[in-house]
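A look at the structure
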Amino acid sequence: MRKLLCALILLACMSSSAIASNSSDAFMSLKFGLKYERVQKRMERSGAKSTIPRKETLTMEGMFEGYPAIFVFGFYKNSLLKSKAVYLLSLGDKNRDANFYDALRRSYNAFYGSGHETPTASTRDKKKLMLRNVWTPDRYTTITLTYNPEMSKKLPGTSISSRFIQLIHTYSKWD
């Protein structure tokens, strides 16, 4: 019995350290209207680090399901969370990136209904296409998932526009 208890405690410690290095749960659970300080502390506890703290926006770097990510948060009246976005950097494996995008798209479709995937022109090269899904779970909330397969073929730069997945949640009630 004592060995089982020790094993469970060890497993709990190992899983909590793995969770701490992944900010996806913290990001996804952030509710609109949270205060700036609370958003920052919650993301920092999940392993993300502040890069550009301002009163109206907060930019952080961390990991999202194993992918290096930039998190950007916008605030209403410098206080209440009104938008959150995550931009994922490819690891250079085109198939893994496509599977991850498909898993995200399917999970959002299952939860909110069809996002109506549509091709749109790439922001970097108008001859290339990106795939975009948009969900509106209520009249104030919009969720946009954009996949740029061109950014999966090789390791791109570190700018936001060079990220293969962009996931943006916005809340417009206060606008």
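Note that this is a predicted model, so its numbers are computed, not measured.

So, on to the overall build of the protein chain. Helices and strands together make up the secondary structure of the protein chain, namely four helices and eight strands. Within the protein chain, the proportion of its 175 residues that are buried is 37%. A separation threshold of at least 6 residues defines the contact pool for the protein chain, and within that pool the share at least 24 residues apart is 48%. As displayed, the protein chain offers around 10200 Å² of accessible surface, 57% of which is attributable to carbon and sulfur atoms.

Put simply, the protein chain has an average pLDDT of 83, and 82% of its residues get 70 or more. Note that pLDDT drops below 50 for residues 1-20; the model gives that stretch four contacts with residues more than four away or on any other chain.

Strand order across the open sheet formed by eight strands is 1-2-3-4-8-7-6-5, with antiparallel pairing between neighbours. Each edge of the open sheet is held by one strand with a lone partner, namely strand 1 (49-53) and strand 5 (118-121). Strand-to-strand twist across the sheet, computed as the mean angle between neighbouring axes with direction ignored, equals 25 degrees. As judged from the five bridges shared by strand 6 (residues 129-135) and strand 7 (residues 141-147), these two strands associate in the antiparallel manner. Bridge pairing in strand 7 places Arg132 opposite Thr146. Sheet contacts for helix 3 (residues 36-45): strand 1, strand 2 (57-64), strand 3 (67-76) and strand 4 (80-88); angle to strand 2, the most-contacted strand, approximately 20 degrees. Here helix 4 (residues 94-112) sits on the sheet in contact with strand 2, strand 3, strand 4, strand 6, strand 7 and strand 8 (165-171), set at roughly 160 degrees to strand 7.

Once that is clear, we can look at the pattern of salt bridges. With the rule as written, the count across this model stands at three salt bridges. Between Asp102 and Arg106 there is a salt bridge, with the nearest N and O atoms lying 3.0 Å from each other. Of this pair, Asp102 and Arg106 both sit in helix 4, separated by four residues, roughly a single helical turn. We classify Asp102 as partly exposed; its relative accessible area is 24%. A salt bridge links Glu117 to Arg105; the shortest N-O distance between them is 3.7 Å. Of the two residues, Glu117 is situated in the loop between helix 4 and strand 5 and Arg105 in helix 4; the sequence distance between them amounts to 12 residues. Taken together, the shared-partner salt bridges connect Asp102, Arg105, Arg106 and Glu117 into one network.

Definitions and limits used
- Residues numbered from 1 in each chain as written.
- Predicted model: local features only at pLDDT ≥ 70, side-chain atom pairs only at ≥ 80, totals over all residues.
- Heavy atoms only, no water.
- Helix = DSSP H or I, 4+ residues; strand = E, 2+ residues; numbered from the N terminus.
- Buried < 20%, exposed > 50% of the residue type's maximum accessible area, 1.4 Å probe, protein only.
- Contact = heavy atoms within 4.5 Å.
- Areas by Shrake-Rupley, 256 points an atom, 1.4 Å probe, with all protein chains shown as cover.
- pLDDT = per-residue confidence, 0-100.
- Pairing = 2+ DSSP bridges.
- Axes fitted to C-alpha atoms, helices over the stretch in contact; angles between N-to-C directions.
- Salt bridge = Lys/Arg side-chain N within 4 Å of Asp/Glu carboxyl O.

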